[in-house]
Amino acid sequence: MKNFIKHITLLLLVSFTQILQSQSSLISDSIQTYIEKAEKLQEEYKYGQSLEIAKAALQNAKYNNDDKSLGYIYNIIAKNYEINENDKKARGNYRKALTYARSSKSKVLETDLYNSLARVYTKHNLTRAKGVTYYKQSYEYAIKLNDTARMIRPLLNLGEYYISRSDFDSAYEYLAPARELIYENSSNLVKTKLSGLLGKYFLNIRDYEKAEEYIDEAISYSLGETKNKNNNDELISTYFEELASSYETKSELYRKQQDYQKAYYYQKRQFQNILKAKDFKKLIELQRANIKYEVDQYEEKIKKAESEKKESVAKVAKWKISIILGIILILISLAFLISAYKNNIQKKRLNGVLIEKNRELISAKETAEQVSTLKSQFISTVSHELRTPLYGVIGLTSLLMENPEEKKKSEYLESLKFSGDYLLALINDVLQLSKIETNEVTLEKVSFDLRSLIEGIVNSLHTKQKSNNNTVHIDIDKKINTTLLGDSVRLSQILINLIGNALKFTKDGNIWVYVKCLDQKEDKYVLRFIVRDDGIGIPKSKQQSIFDNFAQVKNENQEYEGTGLGLAIVKKLIHLHKSDIKMESKEGKGSEFYFDLSYEKAVKEQEISLQAGENISVGTSNFNVLIVDDNKINQIVTKNILKKKGYTCNIASNGMDAIKMLKVEKFDLVLMDINMPEMNGLEATKVIRTFNTHIPIIALTAVEEGEIRNQALAVGMNDVIIKPYDTQQFFQTIMRNISKVKMA
Ligand code: ADP
């Protein structure tokens, strides 16, 4: 855009200059040619034409920034005005010429200009002094230029000036050097003037002899020149004037010598020559009138041209303004268009974003609605599921309270236990699921023995489901010969659910639990876990939904108890391990669930035998256990469970008591509650560890395991059991910890 405006401006400038140049017909000529032509026309008294050419040259020189030529041109113009007695204009143009002569360092022109200016200034009383300075300056410059002719000129002028003022001493100061400088080829006018002035000087200092000598010399030069046919009228007139002046001096000379006759004679001659000069002057005057007319006409022309120029400048300015306005208009429209285009693009983009956001919102809304329906469905089904066993618990308790017959008692108690177990399982499952969904479950890394873990699970589940009369086959790849490092608790949860289901949905059949080593690296195994049964199988229509949350809560088949959350939990736990579960099943034939998990190797191969020795059978020991719990019911429950298995138990109601008792009595293990008044389990453990580092201390708490495990281990506890607990696991944990100490 900038460039475009530049071009337009340049175009305007060029055309504008061309308009001006077209006024002159001499566009193609060089400036130098103009100057020469103007000078020639001046010599031919064609002042008007000379001025016209000079002005045309002026425009050209200005356009080319040619200062040197500008100096010369203004000099010609000034001279034209000076000849035509327009001193004001002459002065102005000489001054302009001087400025350009200075800037272009044209010393010769500068010298001449000082002389010319001095000539114009000395004509008038007010500017005379300045004129004298200019003469002196011209003389100085001429000396520097070593130009004799140019040196003589101001000297003569100064001499003439001082003589006219009757300051003869000052006059001689300049006339003497002029006399020294004059030479053969100096012009006759110069010679005439110098002689005439010297004559006047010597007359005034009363050196009559020398005076007459110089006057006669001047008369002789003048007389000769008045008859010279080559001289123009103006020059002849000047020589007649010089002659008249010389005769006047000569008359004065004789008058001073009291030769009045001769004085009269020369005075007569003086007048005759004045008249002759005047005759020529008349002619000149006549010419001048002509010239004046010519110059006036030129002036007129100039004025007209200037007003035309102004008009055209105004026109150009108008034109320029219109163009600029047009450009501005175009620019504004362009900017408007661009912004409209940008707006459009932005609108489209925003629209796209809006559509995308809308889509996201709709899907979020749908998900929220889905979640909300599932949640309400869940609440209604869970509450139904809770209500059913609770109803059983209340009913059975009432029956028991009514003191039934002894043989019914154990039947009721069994049902009561069943309802209690179911309630616990449901609550555990729901909690587990909600924890996974809110990303609260993180995988732990503990070392464990896979074989004993699976065998433990099978043992405990098998006892529960004895009525189904199934045979469980465990086949663990021999390649897995080290303990593993990983989250054994989550693996147990997965396997308990899958093996539990297999045992539940199979009658008089077989369950196979396989662990195959798919890949083995230096530090890890990739294992495939398979749980297969030859039970009832899953109908095709159900296969899609069995892993869904809550989907199975409404179990149409009331024959099988279960929360319907097991597989949902399994799938999520396997996802946590960055893997997935697959299922193949045929109705009536059986089902197979399998998944792959990677585990790091925990210990070196030879250590496995020692670990295997840990697998102590349940219920075979008689150890002394300290139960630390502030809740009386819990104290009784734990004590009775332990006693049944042959353990000896002591009870401490808080941390302080526990410390005291441990200091005086020997125990094999401590079961420590965490939340207790006065001193909590963690603080108590810290103190115990200061005097007893070896005794196994197991946290027994209702606090969620993930929250407490790290804290418990940090203060020196050995393990954590979460209430309510599975009795099998409870004893396994106790035994594992006791045997560790015993074996150490
Ligand atoms: P549930 O508590 O009902 O067992 P799960 O989520 O563990 O809940 O199982 C969902 C449903 O999938 C079960 O109710 C059952 O219908 C079906 N199912 C799971 N495992 C098996 C299996 N091994 N054989 C047949 N059906 C199974």
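Residues numbered from 1 in each chain as written. Predicted model: local features only at pLDDT ≥ 70, side-chain atom pairs only at ≥ 80, totals over all residues. Heavy atoms only, no water.

Chemist: Looking at this structure, I do not really get the overall build of the protein. What am I missing?
Modeler: The helix and strand tally for the protein stands at 24 helices and 12 strands. For the protein, buried positions account for 41% of its 744 residues. Pairs at least 24 apart in sequence give 66% of the contacts found in the protein among residues at least 6 apart. Carbon and sulfur atoms make up 53% of the accessible area of the protein, which totals about 42,500 Å². (Helix = DSSP H or I, 4+ residues; strand = E, 2+ residues; numbered from the N terminus. Buried < 20%, exposed > 50% of the residue type's maximum accessible area, 1.4 Å probe, protein only. Contact = heavy atoms within 4.5 Å. Areas by Shrake-Rupley, 256 points an atom, 1.4 Å probe, with all protein chains shown as cover.)

Chemist: How do you make sense of the pairing of strand β7 (residues 590-601) when you look at a structure like this?
Modeler: Working note: regular strand, side chains alternate between the two faces of the sheet. For strand β3 (residues 484-486) and β7, the ladder comprises 2 bridges, and the chain directions are antiparallel. Looking across to β7, one finds that Leu484 is bridged to Lys601. As paired elements, strand β5 (residues 524-533) and β7 share 10 bridges and run antiparallel to each other. Bridge assignment links Leu527 to a residue of β7, and that residue is Leu597. The pairing of strand β6 (residues 581-586) with β7 spans 6 bridges and is classified as antiparallel. Counted as the bridge partner of Lys582 is Tyr594 from β7. Where β6 folds back on β7, the antiparallel hairpin that results is connected by 3 residues, among which Gly588 adopts a positive phi of roughly 85 degrees. (Pairing = 2+ DSSP bridges.)

Chemist: Looking at this structure, how should I read the nonpolar core?
Modeler: Soluble, globular proteins show a tendency: their nonpolar side chains are buried together. Grouped together as the largest cluster of nonpolar side chains are 59 residues, with contacts concentrated most on Ile73, Ile77, Tyr94, Leu113, Tyr162, Ile163 and Leu175. Of the residues forming this core, the biggest block, 8 residues, is contributed by helix α8 (residues 148-164). Each residue touching Ile73, except ones within four places of it in the same chain, is listed here: Ile31, Ile35, Ala54, Ala57, Leu58 and Ala61. One finds Ile480, Leu527, Leu573 and Phe593 within the second-largest nonpolar core, a separate group that totals 45 residues. (Core = buried A, V, L, I, M, F, W, Y, C linked by side-chain atoms within 4.5 Å.)

Chemist: Whenever I open this one, a nonpolar patch on the surface confuses me. Can you help?
Modeler: Residues Ile321, Ile324, Leu325, Ile328 and Ile332 make up a contiguous nonpolar surface patch of roughly 470 Å² in combined accessible area. As for its position among the elements, Ile332 is in helix α13 (residues 260-401). (Patch = residues over 30% accessible without salt bridge, like charges linked within 9 Å, V, L, I, M, F, W, Y side chains within 5 Å. Salt bridge = Lys/Arg side-chain N within 4 Å of Asp/Glu carboxyl O.)

Chemist: What's the story with the site of the ligand in this structure? I'm lost.
Modeler: Within the structure, the ligand sits among 20 residues, and Asn501, Asp533, Thr563, Gly564 and Leu567 are positioned closest to it. Between an oxygen atom of the ligand and a side-chain N or O atom of Asn501, the distance comes to 2.8 Å. Between the ligand and the protein, one listed contact pairs an oxygen atom with a side-chain N or O atom of Lys504 at 3.0 Å. Contact with the protein chains hides 96% of the accessible area of the ligand, taken as 530 Å² for the molecule alone. Where the shell around the ligand is concerned, the elements lending two or more residues are α16 (488-504), α18 (566-576) and β7. (Near = heavy atom within 4 Å. Polar contact = N/O pair within 3.5 Å; in protein donor to acceptor, adjacent residues only side chain to side chain.)

Chemist: Is there a simple way to explain α18 in this structure?
Modeler: Think of an α-helix as turning once every 3.6 residues; residues three or four places apart then point the same way. Listed in full, the buried residues belonging to α18 are Gly566, Leu567, Ala568, Ile569, Val570, Leu573 and Ile574. Immediately downstream of α18, the backbone of Lys578 shows phi near 60 degrees, a positive value.

Chemist: Help me out: how do you make sense of the packing of aromatic side chains in this one?
Modeler: How two aromatic rings sit relative to each other is given by the distance of their centres and the angle of their planes. Under the criterion given, the structure shown has 19 aromatic pairs. Measuring from centroid to centroid gives 5.9 Å for Tyr247 and Tyr266, while their planes differ by 15 degrees, and the two rings are stacked. Residue Tyr247 is located in helix α12 (residues 233-256), and its partner Tyr266 is located in helix α13; the two are separated by 19 residues in the primary sequence. Exposure remark for Tyr266: the relative accessible area of 13% places this residue in the buried category. Pairwise contacts between aromatic rings join Tyr114, Tyr121, Tyr134 and Tyr141 into one cluster. Of note, Lys601 hangs over the ring of Tyr525, and the distance from its end group to the ring centre comes to 5.0 Å. (Phe/Tyr/Trp six-rings, centres within 6.5 Å; stacked < 30°, edge-to-face > 60°. Lys NZ or Arg CZ within 6 Å of the ring centre and 35° of its normal.)

Chemist: Looking at this structure, I do not really get the environment of Ser598. What am I missing?
Modeler: Here Ser598 lies in strand β7. It is 9.5 Å that separates the C-alpha atoms of Ser598 and Leu485, two residues lying 113 residues apart in sequence. Each residue touching Ser598, except ones within four places of it in the same chain, is listed here: Lys524, Tyr525 and Val526.

Chemist: Explain the confidence of the model for the protein to me, please; I cannot follow it from the model alone.
Modeler: Low-confidence regions, as indicated by low pLDDT, have predicted coordinates that should not be scrutinised in detail. Taken residue by residue, the protein gives an average pLDDT of 82. The fraction at 70 or more is 86%. The spread of mean pLDDT over the elements of the protein runs between helix α19 (residues 608-613), the lowest at 38, and β5, the highest at 96. In this model residues 1-28 is a low-confidence stretch, pLDDT under 50, and it forms 29 contacts with partners more than four residues away in sequence or in other chains. In this model residues 604-620 is a low-confidence stretch, pLDDT under 50, and it forms 20 contacts with partners more than four residues away in sequence or in other chains. (pLDDT = per-residue confidence, 0-100.)

Chemist: Hey, could you run me through the environment of Ile236 in this one?
Modeler: Along the chain, Ile236 turns up in helix α12. Overall, the relative accessible area of 8% leaves Ile236 in the buried class. Counting along the chain gives 41 residues from Ile236 to Ala277, while the straight-line C-alpha distance between them is 7.6 Å. Sequence-distant contacts of Ile236, that is, excluding residues within four places in its chain, are made with Glu225, Thr226, Asn228, Asn231 and Phe280.

Chemist: In this structure, what is going on with the sheet that holds strand β12 (residues 719-722)? I would like to understand it.
Modeler: The strands making up a sheet are joined through hydrogen bonds of the backbone, oriented either antiparallel or parallel. Ordered by their spatial adjacency, 5 strands build an open sheet running β9-β8-β10-β11-β12, and the pairing between neighbours is parallel. Looking at the sheet topology across the chains shown, the edges are occupied by β9 (648-652) and β12. Neighbour to neighbour, the strand axes of the sheet diverge by 25 degrees on average, direction disregarded. As paired elements, strand β8 (residues 624-628) and strand β10 (residues 669-672) share 4 bridges and run parallel to each other. Its bridge partner being in β10, Ile627 is matched across the sheet by Leu671. Lying over the sheet, helix α22 (residues 681-691) contacts β10 and β11 (697-701), oriented at roughly 155 degrees with respect to β10. (Axes fitted to C-alpha atoms, helices over the stretch in contact; angles between N-to-C directions.)

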